[in-house]
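Okay, here's what each chain looks like letter by letter:
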Amino acid sequence: MFLDLKTSNHSRIVCWMFGWLGAFQLWLPAQEPARTNVADLAIVNARILICDTAMSQASAIAVQSGRIVAVGDRSTVEPFISKRTQVIDAAGRTVTPGLIDSHLHFINLGQSLQKLDLSQAQSWDEIVSKVEQASWLLPKGTWIEGSGWHQSKWIRPPDNNVDGYPNHRSLSEAVPDHPVILSHASGHACFANQAAMELAGVHRDTSNPSGGEVLKDAAGNPLGVFRENAQSLIYRAQSRTTQRLSQEELNAATLTQLQLAGDACLKQGITSVHDAGSSFETVRRLRQFAESGQLPLRMSVMIRDGSENLSAQLPTHRMEDVGGGFLTVRSVKAMIDGALGPHGAWLMEPYNDLPSTSGLNTIAIEELKRIAILCKQHHWQLCVHAIGDRANREVLDVYEQVLGQQVSTDHRWRIEHAQHLTSSDIPRFAKLGVIPAMQANHCTSDAIFVPQRLGERRSAQGAYVWRSLMDAGSIISNGTDAPVERVDPRASLHAAVTRQLPSGEVFYPEQCMTRKEALLSYTLWPARAAFQEKQLGSLELGKRADIVLWDTDLLNCKPADILTANVALTILEGKIVYTGE
Ligand SMILES: [Zn+2]
């Protein structure tokens, strides 16, 4: 194992105590007296980045019943150590608070992890065997999904192929009892087995829908390949069967997705997530899981719905620290525009590379105002997705109008992404108390096309301007937007401090965060962005014990080494939930 965890019963201290007490043995009780200040776990000999506002450091920390009971140097922690304490010698390595990804889609992340990745498959037979193995683990009738296959990557053509596409027969024989849907790497075709085609009512007489094609073999039977619009025959069958699931089946499916997403987060040091948009039904289900201790990590969930449903349900769905701090629901999510890549971000002026459009406004401003008024009435936080500069302007205007006099209260309304800003709007974030929740990895992923879309002037003045926002008094709440991007916090931390593309180019370096700011953007600042800074986000006395031990000094290492840093241990609520290899 990579990690040499020196856990001990702290025999040195015990020996010292008994040595000193030797002369008074007559008065010693038969057993160690019951102590109330005994730590369950302690980490010593560490470089602890507390991530408080002063970015203080310590070398030892002790945890009892899920809370931090001591932090400082070894002498601070020793009074809490007994035979029952698990003591971890960090050997000088770095410790941070559990990281907080403040914008992702948690259940979607779990769903994406359930799909078989077929992008590296070298033959059709390899795909059949992967799907067959997956079927052994799933109840009959459960859909198996895969994606990324491409026949041009295969080293030999499949038997009975038509134009290089495989025939479903070998897959249908290997996996007869599970419907299977495998999407092509291009997204323009999918593959189904016999069970899926039966559920979709596809047979030899099925004709091509408009804009799509059901491929057939020489005998006129469906091959299993569905191109363009014909894919919806299979996807509709999948959603019909999913809708028929019982509550128990739905719960079981959601729980599996939560566990997969949770495992992916905990192994990267993420102990809390802000879920950017779930339904009322989903949060009711999450509540059950939180109350029965089944949530894999802490979730702060934004509700996504229209003003009519929000009006009816907001008063009864507020949840704070359910299940011992594992579930909080006190935010609403809305979206005012699309994304920059497909020219959907709503801009003040037309796109540089598509002058016929300025992007898309995806919610009526009046509806956004209704939602904002409801949030104000019920004291909920509002988080609106806004990417383009026009979108950000409109959201800031709505916030300012609706909050009115209350703009100076501690509302902490957020703008999700806040990617492209007009210069005059940058100081309005701090002035109005609006928190920009920006995913640093989007900057380095998108930078390759930003100047084409926006032109040089807009890119330089307003694209991912963390530095300008912070200089104007804002905090930045970081994250990944997984599964849109990988849930890897290292990519966002690295992007935050370097703005370096994979090619080595740097996108407007004057907007970089310092190393300390980047760490705060994944710890204390997102805790604040969810009203949780009294419980989470730093390793201060009394806070919840969510702690990560790293193999790399995230504060002082070379920037490139952030990308390869590994988590050695993740501790959630004082318990070790992940140990690195
Ligand atoms: Zn998102």
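Reading the values: rules and limits
- Residues numbered from 1 in each chain as written.
- Predicted model: local features only at pLDDT ≥ 70, side-chain atom pairs only at ≥ 80, totals over all residues.
- Helix = DSSP H or I, 4+ residues; strand = E, 2+ residues; numbered from the N terminus.
- Rg over C-alpha atoms; globule rule 2.2 N^0.38 Å.
- Buried ≥ 20, exposed ≤ 12 C-beta atoms within 10 Å, placed from the backbone.
- Contact = placed C-beta atoms within 7 Å.
- Domains from an automatic or database assignment.
- Nonpolar A, V, L, I, M, F, W, Y, C, P; charged D, E, K, R; others polar.
- Pairing = 2+ DSSP bridges.
- Axes fitted to C-alpha atoms, helices over the stretch in contact; angles between N-to-C directions.
- Parallel < 35°, antiparallel > 145°, perpendicular 65-115°, else oblique.
- Left-handed = near helix turned anticlockwise from the far one by under 90°.
- Expected span 1.5 Å × (residues − 1).
- Arc of directions from axis to C-beta.
- Core = buried A, V, L, I, M, F, W, Y, C linked by C-beta atoms within 7 Å.

**Remarks on the overall build of the chain**
Across its full length, the chain carries 21 helices and 25 strands. Taken against the 2.2 N^0.38 rule, which gives 25 Å for 581 residues, the C-alpha radius of gyration of the chain at 27 Å falls within 12% of a compact globule. In terms of overall dimensions, the chain has C-alpha extents of about 95 × 60 × 50 Å along its principal axes. Expressed as a percentage of the 581 residues in the chain, the buried residues total 44%. In the chain, of all internal contacts separated by at least 6 residues, the share reaching a separation of at least 24 is 70%.

**Notes on the environment of S278**
Here S278 lies in strand β16 (residues 270-278). Residue classification places S278 among the buried positions, given that 22 C-beta atoms sit within 10 Å. Taking the C-alpha atoms as reference, S278 lies 26 Å from D446; in sequence the two are 168 residues apart.

**Some words on the domain arrangement of the chain**
Here the domain parsing of the chain yields domain 1 (1-98 + 537-581), domain 2 (106-243) and domain 3 (247-536). Of the residues that constitute the side of domain 2 that touches domain 3, the class distribution is 4 nonpolar, 5 polar and no charged.

**Things to note about the sheet that holds strand β11 (residues 144-149)**
Think of a sheet as strands paired side by side through backbone hydrogen bonds, with each pair either parallel or antiparallel. Taking strand neighbours across the sheet as the criterion, the 6 strands line up as β10-β11-β12-β13-β15-β14 in an open arrangement whose pairing is mixed. Among the strands making up the open sheet, the edge pair consists of β10 (116-117) and β14 (212-216). The pairing of β11 with strand β12 (residues 180-184) spans 5 bridges and is classified as parallel. Residue pairing in the sheet places W149 in a bridge with H184 of β12. Running at roughly 155 degrees to β11, helix α4 (residues 124-136) makes contact with β10, β11 and β12 of the sheet.

**So, the packing of helix α12 (residues 365-378) against helix α13 (residues 389-403)**
Relative orientation of the contacting elements α12 and α13 amounts to 45 degrees, with a least axis distance of 10 Å. With respect to their mutual orientation, α12 and α13 come out oblique. For the pair α12 and α13, the sense of crossing is right-handed. Listed contacts from α13 to I365, L368, K369, A372, I373 and K376 of α12 are E394, V398, Y399, V402 and L403. Classifying every residue of the contact of α12 with α13 by side-chain character gives 8 nonpolar, no polar and 3 charged.

**A look at the packing of helix α3 (residues 106-114) against helix α8 (residues 247-266)**
At their nearest, the axes of α3 and α8 sit 7 Å apart, and the two run at 90 degrees to each other. Overall, the two elements α3 and α8 adopt an arrangement that is roughly perpendicular. Of the residues in α8, those touching α3 at F106, I107, L109, G110, Q111, L113 and Q114 are T254, Q257, L258, L260, A261 and A264. In terms of residue class, the contact of α3 with α8 is made up of 8 nonpolar, 5 polar and no charged.

**Quick look at α12**
Taking 1.5 Å per residue, 14 residues should reach 20 Å; α12 reaches 20 Å between its end C-alpha atoms and fits that length. Buried within α12 we find L368, I371, A372 and C375. Projection of α12 onto a plane perpendicular to its axis shows the buried side chains occupying an angular sector of 100 degrees, all on one side. Those residues of α12 that are exposed and angled more than 90 degrees off the buried face are E366 and Q377. Each element contacted by the buried residues of α12 is listed here: α10 (307-313), β19 (327-335), β20 (381-386) and α13. Phi for H379, located one or two positions after α12, is positive at around 60 degrees.

**Observations regarding α13**
Quick reminder: α-helices carry 3.6 residues per turn. Residues three or four places apart thus point the same way. For α13, spanning 15 residues, the distance from its first C-alpha to its last is 21 Å, which sits close to the expected 21 Å at 1.5 Å a residue. Most of α13 is tucked away, with 11 of its 15 residues classed as buried. Among the structural elements, α12, β20, β21 (414-417), α14 (426-432) and α16 (450-462) are those in contact with the buried residues of α13.

**A word on the nonpolar core**
Counting residues in each nonpolar core, the largest one holds 134 residues, and the members touching the most others are A42, I43, I61, A62, V95 and V332. Of the domains in this structure, domain 1 (1-98 + 537-581) and domain 3 (247-536) are the two that each give at least three residues to this core. Excluding residues within four positions of it along the chain, V332 makes contact with M302, I303, L310, I371, C375, W380, L382 and C383. Of all hydrophobic cores here, the second largest spans 32 residues; its members include I127, L182, V202 and F226.

**Quick look at the pairing of strand β9 (residues 99-104)**
Where burial is concerned, most of β9 is hidden: 6 out of the 6 residues are buried. Summarising the sheet, β9 and β16 pair through 4 bridges and their orientation is parallel. Paired with D101 across the strands is V273, a residue of β16.

**Section: unusual backbone geometry**
The amide bond that connects A482 to the next residue, P483, takes the cis arrangement and shows omega of 5 degrees. Relative to the elements of secondary structure, P483 occurs in the loop between α17 (466-471) and α18 (489-498). Even without being a glycine, N160 presents a positive backbone phi close to 50 degrees. Structurally, N160 can be placed in the loop between β11 and α5 (169-174).

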